[in-house]
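# Structural overview for review
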Amino acid sequence: MNGSLIKRRESIIVSTIETLNAVGLQNLSTKLIAQREGVSEGTLFRHFKNKTAIMQAVVDQFSQYDDAIVETCGRKKFSPIESIRYFYNAYAEYYQNYPEITVVVQAYDSLMCDAELSEKVSNIIKKRAAFIIKTIKNGQEQGLIKSDIDPILLENILTGGSKEICLRWRMSQFGFSIKEKTSAMVQEILNGF
């Protein structure tokens with residue numbers, strides 16, 4: 001693909017995220033995406049087979065930093081506690097800098113209803129959870145996290161808290177620092193365990 005085709009493809013992904021953020025998943029259509037992009041629906045279909053293919057690209061965009069976050073934790077030799085903090089704070093910073101992308105987090109349930117998107121979304125969720133669970137177990141082995149807490153439960157608490165902060169941030173029309181709230185939440189939870 002030449003540069004202009006790649007740029008158009010990326011531009012369509014960004015327009016889809018913006019449209020999804022404005023109208024929600026249930027109202028998203030290729031017509032609305034094309035309008036926001038300022039092109040015909042035919043142009044969309046030269047780059048993507050269908051709306052599901054566009055949404056797959058959106059989900060890929062959403063998860064683009066997953067591997068980099070995990071690699072950073074290893075490369076910097078973070079302790080388990082530092083890794084957990086970094087993991088949640090890195091996503092909060094990503095969201096703070098790109099608020100529209102948070103619509104994907106809030107659409108997980110609906111995305112799971114699409115057979116072609118379900119596996120992709122499920123794999124993202126499982127991969128993120130597996131990293132945190134493994135990190136919690138390492139923290140328990142090192143005596144940094146209480147050994148009597150179920151690592152899966154602690155990951156659920158951390159991830160659930162992070163998602164709830166994200167939802168409330170969106171509801172407040174991004175009226176507070178998601179980075180600060182997430183950092184404080186992670187710290188309080190880790191202090192308790």
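Residues numbered from 1 in each chain as written. Predicted model: local features only at pLDDT ≥ 70, side-chain atom pairs only at ≥ 80, totals over all residues. Heavy atoms only, no water.

## Overview of the domain arrangement of the protein chain
Which entries qualify depends on this criterion: Domain extents, as shown, originate in an automatic or database domain assignment. Once two parts are put together, the accessible area they lose, assessed with a 1.4 Å probe and summed over both, is termed the buried area. Every case where a carboxyl oxygen of Asp or Glu lies within 4 Å of a side-chain nitrogen of Lys or Arg is listed as a salt bridge.
One can read the domain layout of the protein chain as domain 1 (8–58) and domain 2 (64–192). Summarising the inter-unit geometry, the C-alpha centres of domain 1 and domain 2 are found 27 Å apart. Regarding the contact of domain 1 and domain 2, the summed buried area is about 1000 Å², with carbon and sulfur atoms giving 68% of it. Considering only the surface of domain 1 that becomes buried against domain 2, Ile17, Asn21 and Gln56 emerge as the three largest contributors, covering 46% of it. Seen at the junction of domain 1 and domain 2, the total is zero salt bridges.

## Digging into unusual backbone geometry
Short version of the rule: The numbering of helices and of strands both runs from the N terminus, where a helix is a DSSP run of H or I of at least 4 residues and a strand a run of E of at least 2. For each residue, the accessible area found with a 1.4 Å probe, counting protein chains only, is set against the maximum for its type, and the residue is called buried under 20%, exposed over 50%, and partly exposed in between.
Of note in this structure, Lys77 is not a glycine but carries a positive phi near 55°. Residue position: Lys77 is located in the loop between helix H5 (66–75) and helix H6 (80–97). The exposed category is assigned to Lys77, whose relative accessible area is 71%. Notably, Phe174 is not glycine yet its phi reads approximately 65°, a positive angle. Mapped onto the fold, Phe174 is located in the loop between helix H10 (151–171) and helix H11 (178–192).

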